[in-house]
Amino acid sequence: MNQPHPPPVPGSGIRRRSQSQTGDRIFRGTTTFFALLVLALIASICVVLYVKGHLAVSTFGFKFLWNTAWDPVKEDFGALPSIFGTVFSSLLAILIATPISIGIAVFLTEMAPPWLQRPVGLGVEMLAAVPSIIYGMWGLFIFAPIMSRTVQPWLKGHLGGLPLFQGPPMGIGMMTAGIILAIMIIPFIASVARDVFSLVPAMSKESAYGLGATTWEVIRGVVVPHTRSGLVGAIFLGLGRALGETMAVTFVIGNAHKISFSLLSPSNTIASTLANEFSEATTPIYTSSLIELGLILFLITTTILALAKFMLWRIAAQVKGTDR
Amino acid sequence: MGFELVVPSQGVPVRCRHALIVLLAAACWGQVRATPPPSVHGGGATFPFPLYAKWAYLYKAKTGMTLNYLSIGSGGGLEQLRARTVDFGASEYPLPEDRLRVQGLLQFPMVVGAVVVGFNLPDLPSGELRLTADLLARIYLGEVTYWNDRAIRDLNPGLRLPGLPITVVHRADGSGTTWLFTQYLTRAFPAWGKAVGAGPSVRWPVGAGAKGNEGVASYIKTIPGALGYLESTYAAQSGLATACLRNRDGRFVAPSPSAYKAAEKQADWSGPVGDGTFLLDLPGPTTWPIVGASYILIYNEQSDAAKAKSLLGFLDWCLGEGDGVAEELGYVPLPDGAAQRNRAAWAAKVKSGGKAVWSPAAAAAGNP
């Protein structure tokens, strides 16, 4: 990287430099412009959300954040049920998707015979290309009935005493939404995890195998520690997607403005509330409250991303410290 | 210079191409003679969308006029109308008179629809379950939670009702269907009005929300023990079992087109639309209680007379020849008296530059 520049070619150097400098300047200007455009876009989204949501902000103040009411008739709005549902469903999805995705990635990089690697890898990536409305329709018409007829009655029969399994098993609600979300984010986590796993130097793995380590020991002792930061990045990528997912969740979560820790009860998320109610929000305060919800989702996602960056940075610092 | 004369893609010289266009245009002119009426844009309620789309399709085949209808919801339609990006708005609940006056809008009913109650109980077919408005209100308030509750058994002495929990299904998106249903509950059960009230979306005490009538239908189909309200056409399409409701005369009526028409006949179409509940819970032995109209809103003052004439010509046709299509699709056409009132209102109130845009006589003489 720090190789010295080649010596300038005598004679032709001056002309070439002046020419390339003009091109460079134009190129630099254009790319800077586009890069700044991204920042401007983010800033303007923020400003517009704030301006349009200002009526709700000034009417409800900070109470909006912990008010559990959502009453369009009496015009009393609060964000807590939607925030709760957004975070709960996303965490559920991450909890389900992370082990499965890491399993897929480990299988693909460490165990699958070469003839199977490509088709399975391709299949996982194809899952990511399925439009979310398809997941929603599949979830509502096929998956939810299966849940309500078999899985949830069984859970209620065996674990019905837990607060997690209260209410009738209707197949529509937090649990179905969490699982659908998990299926949707698995391809993202799995393909990033596979990529980072494949970056582990063969030398390290071979050495461990040479010392008599089993596959499990190699994965636990060499592969995962080596790729920790990449894995965290993959999980946060999935989380970011789960937080904002709209259509699929709207179909299966049951859309009730209520806080419940039961996986069987209907709930909602910020994105599903927006999708459902925006087109028929007839009063200014209603529209404004919905936009403030959007602003909150924007802030949550930004915070998660910032947190991810921070964790990646800390892990990177640790790795540097231990490597020496 | 040869470069200028040749269109790269086709190799036809430009001058020839111009000639071709002129020829084509002339040919078209000769064929159609009159230019088609200017195209019209509308937007709003999703409930009448299938009907408006079909009407537009048939009317275009007849006259060549294009009508684009954006099914974006009543609220969205009114918003677009206010911004004047559409020529008419469609809403499932009427705007209050004062807002109509301020915005200079004319509002009139276009088609009638009914809300029915669908349910999912094993071995219980359509038309056997009997419900009343106050029982529905208590179910939706979460006071009656099991199918074998005393209140339901008392109404249905002959039925074997299971000990299933009632899963209440409602609309998650704002909708005219919800507006009509909650109006019905508010009138029948004062406690509902106090606790929840009426509106296109309300604070539901219990239940799961589904998006759109289709969503409600599929939730009910999916969940054993579910009960929900939806537009009659969707219930019929998805083959849901529906409940009989007790009407004002104290009789239990099964939902059917004739029961909706009975409500139309009972309604007073001569007064102002008011709050739009003039079709709700009317007397008569065969009257279905939850019936409402779908409305269209246009500006009294039209900037483009030709366009306004084109729109009113279309609406006139819909209320006349279009009736058959409406019934085919499961809607209830307006009674003749109401259609005449609409026509009279268009002739009297819709103006462009102080002059009336449309008159029934002119329309009858030569529909465009």
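Enquirer: Looking at this structure, I do not really get the sheet that holds strand 11 (residues 252-253) of chain B. What am I missing?
Expert: Each strand in a sheet pairs with another by means of backbone hydrogen bonds, the pair being arranged parallel or else antiparallel. Residues and elements named next belong to chain B. An order of 5-10-11 is seen for the three strands of this open sheet, with the pairing classed as mixed. Each end of this open sheet is capped by a strand with a single partner; those strands are strand 5 (130-131) and strand 11. Both strand 10 (residues 244-246) and strand 11 contribute to a ladder of two bridges, which runs antiparallel. Pairing of arginine 246 across the sheet is with phenylalanine 252, part of strand 11.

Enquirer: What is the right way to read the interface of chain A and chain B from this model?
Expert: Many analyses report the size of an interface as the accessible area lost when the parts associate. Each side of the interface is counted separately: chain A has 25 residues, and chain B has 29 residues. Looking at the side of chain A that touches chain B, the elements that each hand over two or more residues are strand 1 (70-71), helix 6 (132-159) and helix 12 (270-277) of chain A. The dominant element in the side of chain A that touches chain B, judged by the number of residues it contributes, is helix 6 of chain A, at five residues. Across the side of chain A that touches chain B, the residue classes break down as 14 nonpolar, eight polar and three charged.

Enquirer: I tried to follow the environment of A:Ala316 on my own but got confused; where do I start?
Expert: For A:Ala316, the position within the fold is in helix 13 (residues 284-323). We classify A:Ala316 as exposed; it has 12 C-beta atoms within 10 Å.

Enquirer: Explanation requested: helix 10 (residues 228-244) of chain A in the structure shown.
Expert: Given 3.6 residues per turn, any residue in an α-helix points the same way as the ones three and four places further on. Compared with an ideal rise of 1.5 Å per residue, which puts 17 residues at 24 Å, helix 10 of chain A spans 25 Å between its outermost C-alpha atoms and is within 8% of the ideal. What helix 10 of chain A keeps buried is the set A:Leu231, A:Gly233, A:Ala234, A:Ile235, A:Phe236, A:Gly238, A:Leu239, A:Arg241, A:Ala242 and A:Leu243.

Enquirer: In this structure, what is going on with the pairing of strand 8 (residues 226-231) of chain B? I would like to understand it.
Expert: In summary, the side chains of a regular strand alternate between the two faces of the sheet. Residue and element names in this part refer to chain B. Among the six residues of strand 8, six are classified as buried, and the element is accordingly described as predominantly covered. Note: strand 4 (residues 105-119) against strand 8, five bridges, orientation antiparallel. For valine 117, the partnering residue across the bridge sits in strand 8 and is tyrosine 229. Strand direction decides the pairing type here: strand 6 (residues 167-171) and strand 8, joined by three bridges, are parallel. Residue valine 168 lies in a different strand from strand 8, and its bridge partner there is leucine 227.

Enquirer: Would you take a moment to explain the nonpolar core for this structure?
Expert: Side chains of a nonpolar character, in soluble globular proteins, are inclined to be buried together. In terms of nonpolar packing, the biggest core is built from 171 residues, with A:Ile180, A:Ile185, A:Ile189, A:Ala193, A:Val252 and B:Leu185 touching the most fellow members. The biggest single contributor to this core is helix 7 (residues 174-197) of chain A, with 18 residues. Apart from residues no more than four positions distant in its own chain, A:Ile180 is found in contact with A:Tyr135, A:Gly139, A:Phe143, A:Ala248 and A:Val252.

Enquirer: Please explain the pairing of strand 2 (residues 67-71) of chain B as it appears in this structure.
Expert: All names here are of chain B. When strand 1 (residues 40-44) meets strand 2, the two strands line up parallel, connected through five bridges. Bridged to valine 40 within strand 2 is leucine 67. Handedness of the crossover is the feature at issue here: the chain leaves strand 1, passes through helix 3 (residues 49-63), returns alongside strand 2, and the resulting connection is right-handed.

Enquirer: Hey, could you run me through the environment of B:Gly212 in this one?
Expert: Tracing the sequence through the fold places B:Gly212 in helix 10 (residues 212-222). Each C-alpha atom, one on B:Gly212 and one on B:Arg171, is 6.4 Å from the other, the two residues being 41 residues apart in sequence.

What counts and how
Residues numbered from 1 in each chain as written. Chains lettered and ligands numbered in written order. Predicted model: local features only at pLDDT ≥ 70, side-chain atom pairs only at ≥ 80, totals over all residues. Pairing = 2+ DSSP bridges. Helix = DSSP H or I, 4+ residues; strand = E, 2+ residues; numbered from the N terminus. Contact = placed C-beta atoms within 7 Å. Nonpolar A, V, L, I, M, F, W, Y, C, P; charged D, E, K, R; others polar. Buried ≥ 20, exposed ≤ 12 C-beta atoms within 10 Å, placed from the backbone. Expected span 1.5 Å × (residues − 1). Core = buried A, V, L, I, M, F, W, Y, C linked by C-beta atoms within 7 Å. Right-handed = clockwise from strand over helix to strand, strands pointing away.

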